[in-house]
Each structure stands twice: as structure tokens, then as C-alpha cells.
Amino acid sequence: MSKMNKTGFARSIAAIGALALATTALVTPVAAQPVPDDLTVMPPVPTDYQPARTPWGDPDLRGMWPIDNIASLPMNRPAQFGNRFWLTEEEYAARQAQYNASDARYAAEEESGTIGMGHWVESDSSGRRTNLLVSPANGQLPAMTPAAQARYQAGRSSWTPNTQFNWVSDFDTWDRCVTRGFPASMFPFRYNNGIQVLQSPGYVVINLEMIHDARIIPIVSGPEAVAARRWPANVRTWMGQSIGYWEGNTLVIETTNIIAGDSVPQNAYERGPSPLNMATLGVPPFNTIPTSLQAKVVERLTMTGPDSIIYELTYDDPEVFTAPWTARLDWSRNDDYSFFEYACHEGNVQIRNYITASRAGLQPVRETEGGDGGAH
């Protein structure tokens, strides 16, 4: 859990505990596609499902799609799974047994009328996937370029070791409750994993529970119409500019104009967010991966059943990663899910506390002479 974010959430969770348990109950992941016999194969996204239509004729993606149920899947594939995208039946049974034990702890919390870490960081067995990345096929993020690796290593945040916190420029944008950045905001975290999709004629809105980022995405006629709606290159936001179009029943969203930068500059206004957040399992540590002006994200949302969406995200930033990479997430509908307050700015006293404690630690030890008691 983020050092910066836990304060506000902890303050509000006790007051809403019983209601939270009722309205954020997890659902079993909807099988987006069958597991193949060859566990080293990731089948293509099924496109034969015909979704319901909105009153104006677009595929209807509206609803709540929380991703708690895949929050335990790492980004990079753990070494023991080799080149497999899928668990064996025995491995899946072991994973289920592990999370059934967590269910018992959650039940004990409810019985005692308390809320500990159980429901706060609740997730389930996450299906039979080994990890979120589907490309590269080895399940590992591509290496960073030498220049990006140097900036990554030189970055500073509340997550980097041996950092002296002297001013706000020593903290990242998530520490300061500004944003998790993009595409980091689209990946699961330990809590606040709600995603809501809203639609109106000409627009799709992806509303995120954590920090309450709302991505307002205009819909154009096709990929050839994207350039006409694109902002000038010098106009940039934390979440970038997203423009969507329909490719059959698949919503394709292209995002550029993401604020570029890294965690190295002393000037807080020159610092940029990391495209991946280390609180997503299996992501490199420190939250200091840089973002260049060339960063581009392509997302694809395909309904594979009335209660399932396959979400794919391809990230391409040639100045930072030596190759593009793609993650695939299975979204499951849970329209009983409710967003809760993400009180981060309101309770965020930790920036000041880190700075105060760090400065105090740098002060020389003063010894007082004299008196029978000597120095004390």
C-alpha cells in the first residue's frame, strides 16, 4: 500500500466498513475464453459475441467492471511458469486453496466487526492466467534503453531506497495525490480497483475509482479520423489525449500527448509520472520509469459475453522500452460494485512528515557540556 495514500483511505474505511463489505463483494471471474490444451498458447480474442446496442447503435459497454478479481496476477511472468500463459489444473487448485484461506480470514473479520487488511486488499484467485503480459511471449517487460535505464536509476520517490526527502520534488505524482499516470491507472492495484464505463452519443467515459480520474474519450469514424482530433504536440495532460473508434464490435482507443518526464529533476513541475506503478504486482520497483514524448497507448475493449470484456493495452515508447509490450486483462461485470471516496489530498500529511523527519535526521548530534549529569 502506498505510504502516501493509506492515510486518507484508512480514515474513511472504518466509517463505511459494513457498507463496503456489502457493495464491493467480489464476483467470480467470468471466463473470457477457454483455456487451450497447449498452455503455452494465448488464443486470439474471440470476436463472435454480438453485444447489446445502445439506443444510438453502438456496442453497449456500460456498467461496472472492477478488476479486483485479477489484482493478484503479476505483470511479468514468474520464472516457475516458464513459457506458459496458463496454470495447470493442479497449480490452479493450489491457487484457489490459497485464496480460500484468505476468505476464512475475511470471515473472521466480519464476525468480530472489524476491518483489517483482509477486505482492504481483497482479491480472489484470478483465474488460470500466469500473468498479465501477453507480448513479448516470454512474459517479461522489454529491457529499457540505456538512456531510460539511467534516468530510471537516478529517479526519486517515496519508494526509492536511501532517498533524502528535502522538498516536494523528491516525491512522485502518486505520492502527492496527483495521479498514478497513464497507462499505470488502468492496471490493478491493492484496492480501489473500480472501473466504470459510461457512454453517450459520440463519447465513452472510463471512470476510475482510484484518484477518481475520468477519461472522456471522443469517438470518431475510424483510425483515419484520429489525426484531425489530435491536439498539438505541446498540449499534454497526465492521462494524455484519448480518441476512440469502433472496429466492428471492438472499441479501439489511441492515446498520445501524455505528459513526458521522469523522476530526476529537482523542479517538481518538470517531473513526470511512471507509466507503470510498482503497486501492480510484478512491475519494476521505485515508480521511476520515465515517459518520453513518443509514448503511445492503444487499447482494445471487446465484449466476449454479456458480463465479460477482454481489455488489451499495447504500450509503445521507443525512447524508454526497446520494444512495445501488450497486456491482456479479463474484466468481469459487477453492477453491484460501488465507488468509495479516495481521500488522498485531504489526509495527506505524509509529504510534510517525510521532509521533517529526513531533515531532522541530517542535523548533527549536539552534545551539551557541563553539570553533574554531563551530556544528555
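What counts, and where the lines are drawn
- Residues numbered from 1 in each chain as written.
- Predicted model: local features only at pLDDT ≥ 70, side-chain atom pairs only at ≥ 80, totals over all residues.
- Heavy atoms only, no water.
- Salt bridge = Lys/Arg side-chain N within 4 Å of Asp/Glu carboxyl O.
- Helix = DSSP H or I, 4+ residues; strand = E, 2+ residues; numbered from the N terminus.
- Buried < 20%, exposed > 50% of the residue type's maximum accessible area, 1.4 Å probe, protein only.
- Pairing = 2+ DSSP bridges.
- Axes fitted to C-alpha atoms, helices over the stretch in contact; angles between N-to-C directions.
- Expected span 1.5 Å × (residues − 1).
- Arc of directions from axis to C-beta.
- pLDDT = per-residue confidence, 0-100.
- Contact = heavy atoms within 4.5 Å.
- Core = buried A, V, L, I, M, F, W, Y, C linked by side-chain atoms within 4.5 Å.

**Topic: the pattern of salt bridges**
Pairs may arise between side chains of opposite charge once their charged atoms sit close together. Tallied over the entire structure, the rule returns 10 salt bridges. Residue Arg-215 pairs with Glu-299 through a salt bridge whose shortest N-O separation is 2.6 Å. With Arg-215 in strand β5 (residues 214-218) and Glu-299 in strand β8 (residues 296-305), this residue pair connects regions lying 84 residues apart in the sequence. We classify Arg-215 as buried; its relative accessible area is 4%. Residues Glu-254 and Lys-296 are paired through a salt bridge, measuring 3.8 Å at the closest nitrogen-oxygen approach. Note that Glu-254 is positioned in strand β7 (residues 250-256) and Lys-296 in strand β8, a separation of 42 residues in sequence. One network of salt bridges, with partners in common, ties together Asp-307, Arg-333 and Asp-335.

**Examining the sheet that holds strand β2 (residues 133-135)**
Pairing is antiparallel in the open sheet, where six strands are placed in the order β2-β10-β9-β8-β7-β6. Where the open sheet ends on each side, the last strands, each with one partner, are β2 and β6 (241-247). Averaged over all pairs of adjacent strands, the angle between their axes in this sheet comes to 25 degrees, without regard to strand direction. Here β2 runs beside strand β10 (residues 325-332); their pairing, made up of two bridges, is antiparallel. Bridge assignment links Leu-133 to a residue of β10, and that residue is Ala-327.

**Thoughts on helix α7 (residues 350-362)**
Helical periodicity: at 3.6 residues per turn, an α-helix aligns residues three or four positions apart in one direction. Here α7 is 13 residues long and its end C-alpha atoms lie 18 Å apart, about the 18 Å a rise of 1.5 Å per residue gives. What α7 keeps buried is the set Gln-350, Ile-351, Tyr-354, Ile-355 and Ser-358. Burial along α7 is one-sided: seen end-on, the buried residues are contained in an arc of 135 degrees. Exposed residues on α7 whose side chains face more than 90 degrees from its buried face are Arg-352 and Ala-357.

**Structural notes on the confidence of the model for the chain**
Per-residue pLDDT for the chain averages 85, and the proportion of residues at 70 or more is 84%. Low pLDDT (under 50) marks residues 1-29, which in the prediction has 75 contacts with non-local residues, meaning those over four places away or in another chain. Per-residue pLDDT stays below 50 along residues 365-376; that stretch engages in four contacts with residues further than four places along the chain or on separate chains.

**Things to note about the nonpolar core**
Nonpolar side chains tend to gather and get buried jointly when the protein is soluble and globular. Counting 44 residues, the largest nonpolar core has Met-75, Met-186, Phe-187, Trp-325, Leu-329 and Trp-331 as the members making the most contacts within it. Within the residue set of this core, elements represented by two or more residues are α5 (146-154), β3 (195-200), β4 (203-208), β7, β8, β9 (308-316) and β10. Those residues in contact with Trp-325, other than ones at most four positions away along the chain, are Leu-133, Ser-135, Pro-136, Leu-141, Pro-142, Phe-187, Leu-276, Leu-313, Thr-314 and Tyr-315. Counting 10 residues, the second largest nonpolar core, distinct from the first, contains Trp-159, Cys-177, Tyr-191 and Met-210.

**Some details on the pairing of β10**
The buried fraction of β10 is high, at eight of eight residues. Neither face of β10 is exposed, since Trp-325, Ala-327, Leu-329 and Trp-331 on one face and Thr-326, Arg-328, Asp-330 and Ser-332 on the opposite face are all buried. Relative to β10, β9 runs antiparallel, the two being bridged by eight bridges. If you follow Tyr-315 over to β10, its bridge partner there is Trp-325.

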